Amino acid sequence: MAEKTQVGVVGLGSMGAAMAARLLDQGWPVAVWNRSPAAEEPLLAKGAVRAATPAEAAAGGIVLSMVSDDAALKSVTTGDAGILSGLGEGGVHLSMSTVSPALAADLAAAHQAAGVAYVAAPVFGQPPAAAAGQLWVAMSGPAAAKDTTRPVLETLGQAVHDFGDVPEAANVVKLGGNFMIAAAVEAMAETFTLLEKHGVSARQAHELYSTSIFAAPIYRNYGGFIVDRKFEPPRFRMKLGLKDIGLALAAGEKVGAPLPFAAVLRERFIGSIAHGRGDLDWTAIALDAAEAAGLKED
């Protein structure tokens, strides 16, 4: 790309801010908007432009949103000051949040009716990966819009996987992935509890598992958080984990795909949040497994 066009970034939580910083570092002009303006300041210092509204952030023709849930995405997208009202002809909204497939389908239709495009592009990875351009991106939506935004996604991700023209397809992929991560966390929590009850070092076993039969980032990293009890600062809040499992269950119900273990995970998250852990990392469900077995925290 000879000249990089302005990219709007709407939503500057830990992931959105890391994405905006990565784009700035790679020479993209960036306009930023966040509900709480204080989050914009570090990015303004790096050269970003402040947008007064999500619509203004979208005025450059490409805007990515990274917000917490369906309600937040709908809020920043619709209305007089929303993304839809700011995108000009040929504009593209990259929706990178973890949201319901149903909302993605509705918003895609609204964008098409307005003469602009909606591309779902949720990601796997944590803020440090976003800052380093090492996310994994699942993408779906209109082909021309995907071509327009691919350079942006390739700046943010180490790999971009295209799941076709149906916008909500990428959101189903994201929900499935988060379900599998949560299942792995629960399995490790129960396993490490079992080991500790038998007087075996969970840390030593984790070293074995994560360098042999489960040599993968999820088991290495999340397992390390569990054995080290590194639940703060949260990399992914428990409350968001509950939200995503709920979305997976709703998506399964809609098409008649039972997800019995997702229901177990939902109950685990609800219980952990009831114990005051909603703002800890979602791997803190390990504390519930340990307590159920009578293990006391140091």
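Use the structure listed above.
A brief look at the structure comes next. All values reported here derive from a predicted model rather than from experimental measurement.

So, on to the pattern of salt bridges. If you walk through the whole model with that rule in mind, you get 15 salt bridges. The residue Asp 281 makes a salt bridge to Arg 235 at a minimum N-O spacing of 3.5 Å. Of the two residues, Asp 281 sits in the loop between helix H13 (260-277) and helix H14 (285-292) while Arg 235 sits in the loop between helix H11 (217-228) and helix H12 (238-255), which places them 46 residues apart along the sequence. Residue Asp 281 shares its accessibility class with Arg 235, and that shared class is buried. Across the salt bridge formed by Asp 279 and Lys 239, the nearest N and O atoms sit 3.5 Å from each other. Residue Asp 279 is found in the loop between H13 and H14, and its partner Lys 239 is found in helix H12; the two are separated by 40 residues along the sequence.

Next up on the list: the sheet that holds strand S1 (residues 7-10). The pairing of strands in a sheet comes from backbone hydrogen bonds and takes either a parallel or an antiparallel form. Strand order in the open sheet formed by six strands is S3-S2-S1-S4-S5-S6, with parallel pairing between adjacent strands. The sheet is open, and its two borders are formed by strand S3 (49-50) and strand S6 (117-120), each paired with just one other strand. Inspection of the sheet shows S1 paired to strand S4 (residues 62-65) by four bridges, in the parallel sense. Of the residues in S4, the one forming a bridge with Val 9 is Leu 64. Against the sheet, helix H4 (residues 70-77) engages S1, strand S2 (30-33), S4, strand S5 (92-95) and S6, with an angle of about 165° to S5. Contacts between helix H8 (residues 143-156) and the sheet are confined to S1, S4, S5 and S6, with S5 contributing the most and set at about 45° to the helix.

Looking now at the sheet that holds strand S8 (residues 135-139). The strand order S7-S8-S9 describes an open sheet built from three strands, whose pairing is mixed. Lying at the two open borders of the sheet, with one neighbouring strand each, are strand S7 (123-124) and strand S9 (157-162). Relative to S9, H8 is tilted by about 145°, and along the sheet it contacts S8 and S9.

Turning next to H8. A rise of 1.5 Å per residue sets the reference length of H8, with its 14 residues, at 20 Å; its end C-alpha atoms lie 19 Å apart and thus fit the reference within 8%. Residue Thr 149 marks the point of greatest curvature in H8, where the axis turns by about 50°; the proline Pro 151 follows within four residues. The set of residues buried in H8 consists of Ala 145, Lys 146, Thr 149, Val 152, Leu 153, Thr 155 and Leu 156.

So, about unusual backbone geometry. Generally, phi is negative for residues other than glycine and the peptide bonds are trans, each holding for most cases. Here Glu 232 and Pro 233 are connected by a cis peptide whose omega angle stands at -10°. One non-glycine residue with positive phi stands out, namely Arg 229, at about 55°. Counting through the fold element by element, Arg 229 comes out in the loop between H11 and H12. Look at Arg 229 and you get partly exposed, because its relative accessible area is 32%.

Cut-offs applied
Residues numbered from 1 in each chain as written. Predicted model: local features only at pLDDT ≥ 70, side-chain atom pairs only at ≥ 80, totals over all residues. Heavy atoms only, no water. Salt bridge = Lys/Arg side-chain N within 4 Å of Asp/Glu carboxyl O. Helix = DSSP H or I, 4+ residues; strand = E, 2+ residues; numbered from the N terminus. Buried < 20%, exposed > 50% of the residue type's maximum accessible area, 1.4 Å probe, protein only. Pairing = 2+ DSSP bridges. Contact = heavy atoms within 4.5 Å. Axes fitted to C-alpha atoms, helices over the stretch in contact; angles between N-to-C directions. Expected span 1.5 Å × (residues − 1). Bend = angle between axes of the 7 residues up to and from the residue.

Shape descriptors only; they carry no functional weight alone.
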